[in-house]
Amino acid sequence: AAGVLGALALLLGGCLAPVKAPRSDAAADVEGRRVLAGTVIDNWWPVSAHAASRLIEEYGVPDEVGPSRLVWNANGPWKRTEVRDVAQKFGPQEDLPVVEQTLEKSLSPAQARDIAAFDPRLKYDLASRELTAASDGEEINFLRHNLADDVAAGRLAPAEALALGMRILALARAGKSSPYTSGLRPSGR
């Protein structure tokens, strides 16, 4: 109850600075972050709020809660997952950069260039050795990371990866599933 009251006091006081806590939190702190996260996403644009709700269902209470983002560290296969409140834009509402998911990955400059040529929504940070995919959902991020792995390993040229990704997305819209969108594939396959 103390964690919930603390979270509500922060909200009522207008303080929405990120709340960070380690995974070994007391139950009250976790409950406070859960309530705070729910309150924060209630005010988000619906696409962002939906993505945040799905990630909370999948990975539980986020490790960090801020007014425009939720962050999970070391969740599932990811080094980090971040969901952001992205303002509605005019035009197509598909594939907005709402969910960013990061893997630790060592790439050569040539591999990083090939991955960027395949999909500019994949960002590689050489200093931290992190590859981040951004989209409107985890399934698309799995697809991007899996295809990036194929490009980095030389199994697909950037143009081939782009064409395969488009085919997989077309099949997904038709109700078909793919190992590329259901999880990270083991490297080397």
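Residues numbered from 1 in each chain as written. Predicted model: local features only at pLDDT ≥ 70, side-chain atom pairs only at ≥ 80, totals over all residues. Heavy atoms only, no water.

Q: Now, about the overall build of the chain: what can you tell me, with residues and values included?
A: Broken down by element type, the chain carries six helices and seven strands. When its helices and strands are written in sequence order, the chain yields α-β-α-α-β-β-β-β-α-β-β-α-α. Among the 189 residues that make up the chain, the fraction classed as buried is 42%. Considering only contacts in the chain between residues 6 or more positions apart, those separated by 24 or more positions represent 59%. Carbon and sulfur atoms make up 58% of the accessible area of the chain, which amounts to about 10,000 Å² in all. (Helix = DSSP H or I, 4+ residues; strand = E, 2+ residues; numbered from the N terminus. Buried < 20%, exposed > 50% of the residue type's maximum accessible area, 1.4 Å probe, protein only. Contact = heavy atoms within 4.5 Å. Areas by Shrake-Rupley, 256 points an atom, 1.4 Å probe, with all protein chains shown as cover.)

Q: Which residues make up helix 3 (residues 46–59), and what are the values?
A: Here helix 3 is 14 residues long and its end C-alpha atoms lie 20 Å apart, about the 20 Å a rise of 1.5 Å per residue gives. Residues S48, A49, A51, A52, L55 and Y59 constitute the buried set of helix 3. Here the buried residues of helix 3 occupy an arc of 160° about the axis, which is enough to place them on one side. Exposed residues pointing more than 90 degrees away from the buried face of helix 3 are listed as P46, H50 and E57. At its buried positions, helix 3 is contacted by helix 2 (27–41), strand 3 (69–73), strand 4 (80–84), strand 5 (99–104) and helix 5 (138–152). Residue G60 follows helix 3 closely and has a positive phi angle near 85°. (Expected span 1.5 Å × (residues − 1). Arc of directions from axis to C-beta.)

Q: Tell me about the nonpolar core, and please be specific about residues and values.
A: Residues W44, L70, V83 and V98 are the most contacted members of the largest nonpolar core, which totals 22 residues. In terms of residue count, helix 3 provides more of this core than any other element does, five residues in total. Beyond its immediate stretch of four places on either side in the chain, W44 contacts A49, A52, P67, S68, R69, L70, V83, R84 and D85. In this structure, L107, F118, L164 and I168 belong to the second largest nonpolar core, which totals 16 residues. (Core = buried A, V, L, I, M, F, W, Y, C linked by side-chain atoms within 4.5 Å.)

Q: Tell me about the pattern of salt bridges, and please be specific about residues and values.
A: Counted by the stated rule, this structure contains 16 salt bridges. What you see here is one network of salt bridges that share partners, running through E64, R69, E82, R84 and E100. (Salt bridge = Lys/Arg side-chain N within 4 Å of Asp/Glu carboxyl O.)

Q: Give me the lowdown on the packing of aromatic side chains, citing residues and values where you can.
A: If you walk through the whole model with that rule in mind, you get one aromatic pair. Taking 5.1 Å as the distance between ring centres and 25° as the angle between the ring planes, the aromatic pair formed by W78 and F142 counts as stacked. Of the two residues, W78 is situated in the loop between strand 3 and strand 4 and F142 in helix 5; the sequence distance between them amounts to 64 residues. Directly above the aromatic system of Y180 lies the positively charged group of R185, at a separation of 4.1 Å from the ring centroid. (Phe/Tyr/Trp six-rings, centres within 6.5 Å; stacked < 30°, edge-to-face > 60°. Lys NZ or Arg CZ within 6 Å of the ring centre and 35° of its normal.)

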